[in-house]
Structures are given as structure tokens and as C-alpha cells.
Amino acid sequence: MTYPKILTIQDISCYGQCSLTVALPIISACGVETCVLPSAVLSTHTGGFTGFTFRDLTEDMPAIKDHWVKEGIKFDAIYTGYLGSTKQIDYVADIFEATGAEHFVKIVDPAMADNGKLYVGFDEAFVEAMKTLCAKADYVLPNLTEACFLTGTEYRTEYDRAYIDEILAKLTALGCKNIIFTGISYKPDTNGVVVYENGQYSYYEHSKQPNSCHGTGDIYASAFVGALMRGKSAYESAKIAADYTVECIKRTAQEENHWYGAAFEPVLQKLVEAVNR
Ligand code: PXL
């Protein structure tokens, strides 16, 4: 079994089952060494809580990078999620340059928006900077809202293949290479993920759940990264991540008042089995 080492850069939301508290256990469970660089520390995530604390760690990043360079530390992949400031995006680009091993894989989840809106705290300047990071990535994993912000496209809740193709073309024009486009639903009862790899379109369709939970984008991206780093193809990784995310959403439906995140831990074994198959 290969034992790759990855770095993931995203926030610690102390409470709320998202970002690093999801990425670290999920990618580790896939059998991948998972190093972390917290972009910020928040008391909770920003989706539905008010009055959360926010410690921006932007200014710690250059010194952390410099230390890793001095130690000769290199990563086989770098996966970024929720970033704490526009300036951080430049620092992340420096970290790509300085700490990527030969042929390392860059995965960018432009975690900044959902349901037609930017998350609290993000603005147009952040979106502009995120475009430049997406152009550097080998894989980007936007949801529909994020893709609309990145491409200046009107957000729609009902659409057809032509609308999605237009967005894929605009993302490609921005410099995005391989696009894992999540939450794409062409029919009322199904959901799915588009895998757009080297200009080739494929689609994995799965069931649509009646409930939705916060943090599923992070679960999806983390499972995708874990599977990809274990040698699965992009399509197979997208499928494994989709099946696991559906299991998490179903398991969450059994809980009362679990609106702030998804119960990913009780079904983690299913992901482990899938990546080891
Ligand atoms: O799940 C994305 C995410 C990550 N981190 C923080 C968030 C959100 C979404 O709202 O607020 C802090």
C-alpha cells in the first residue's frame, strides 16, 4: 500500500463538524498521512451560528512555511478548503511553490458559498483571488454556487446540461484543469457529480436525500482526496466520495437537532472499505 503524505489548509471550527475536524479524520482513515495548516480558528462555523469568534492565522503562515522549508518537508498533495482571508490565497500559492514534492497534486475546494450566496465574511475581492488559486490547481471541487461566483454566471436552481456545459467552459477558460462539480441535479429525485477531466464529461448520479446538512462539501472533498491519494481514478474517487456523503446524510437524518453538521463518524467504516477495495 502506498503511504502518501498530504497537507490540508483550512480552518478549525471548534464546534460544527466541518473543515479540519472533518478532513483530518476522514483522510487519515483512508490511510494517508494528513498534515494540517489551520487558516483560522473559530468557535463554530459561520453557517447558522451567530456571535462566533474568529482568530485569523494569516500572518502565521509565512513562518510556518519557512520552517517546513528549513526542515526539507515536502508533501505529495496539498488540499485547500475554507481560507480565512484574501491575503492567505497568496500565501497558499507560496506554500504550493515551496513545499510540493515532485509531481505533487494540488486540490482546491473553493469553499466560499452555497445556496446562491457567499458565506458570511467573504466578498468579491476574495472571489477574484480564489479564481487565481483555482487556475493553479490540478483538481477543483466547486458546488454550483461557487462555480457561478467564479464564472460570473447567474445561479439557477433548475437547469439543463447546456447550462452546466457553459459553466464548465468558463471554468476551463479561467484555467481550471480537472473539475469535480458537486451537487448537480438534472432530475427532481436524483443528485450527482460531474467529473470533467481533460475536457471529458462524465456524470455519476445518485439518490437525492430529503434532508440536507451543513459541512457535506467538506466531507465530500476530504473523501475524494483520500480516495485519490490511495490511487483511485478521479471518477472512482468522485463516486466513492458521493456514496459516502449520501451515507452521512442518511445517518444524520436519524438524529434530532443535528442541523449544524453531518454524522460522518458512525459510517466512516464504509469509506475505509471503499478505498481499500
Ligand atoms: O463547510 C464550509 C465551512 C468551513 N468553515 C467555516 C464555515 C463553513 C461554511 O459555512 O463557516 C468556518
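For the structure itself, consult the block above.
Source: prediction; values computed, not measured.

How each quantity is defined
Residues numbered from 1 in each chain as written. Predicted model: local features only at pLDDT ≥ 70, side-chain atom pairs only at ≥ 80, totals over all residues. Heavy atoms only, no water. Helix = DSSP H or I, 4+ residues; strand = E, 2+ residues; numbered from the N terminus. Rg over C-alpha atoms; globule rule 2.2 N^0.38 Å. Buried < 20%, exposed > 50% of the residue type's maximum accessible area, 1.4 Å probe, protein only. Contact = heavy atoms within 4.5 Å. Pairing = 2+ DSSP bridges. Right-handed = clockwise from strand over helix to strand, strands pointing away.

Colleague: Just give me the short version of the overall build of the protein chain, but keep the residues and values in it.
Modeller: In terms of helices and strands, the protein chain carries 9 helices and 11 strands. Taken over C-alpha atoms, the radius of gyration comes to 17 Å for the protein chain, in line with the 19 Å a tight globule of 277 residues would show. Structurally, the protein chain occupies a C-alpha span of about 55 × 45 × 40 Å along its principal axes. Buried residues in the protein chain amount to 55% of all 277 residues. A sequence separation of at least 24 residues applies to 67% of the contacts in the protein chain between residues at least 6 apart.

Colleague: Which residues make up the side chain of Thr145, and what are the values?
Modeller: If you trace the backbone, Thr145 turns up in helix 5 (residues 144–151). For Thr145, a relative accessible area of 2% translates into the label buried. If we skip the residues at most four places from it in the chain, Thr145 touches Ala113, Asp114, Asn115, Gly116, Lys117 and Tyr155.

Colleague: Describe the pairing of strand 5 (residues 100–108), naming the residues involved and giving the relevant values.
Modeller: Judged by how many residues are buried, strand 5 sits mostly within the fold: 7 of 9 residues are covered. Sheet analysis places strand 4 (residues 75–80) next to strand 5, joined by 5 bridges and oriented parallel. Paired with Phe75 across the two strands is Gly100, which belongs to strand 5. Where the polypeptide runs from strand 4 across helix 3 (residues 86–99) and back to strand 5, its parallel neighbour, the crossover connection is right-handed.

Coordinates in, geometry out; function isn't part of it.
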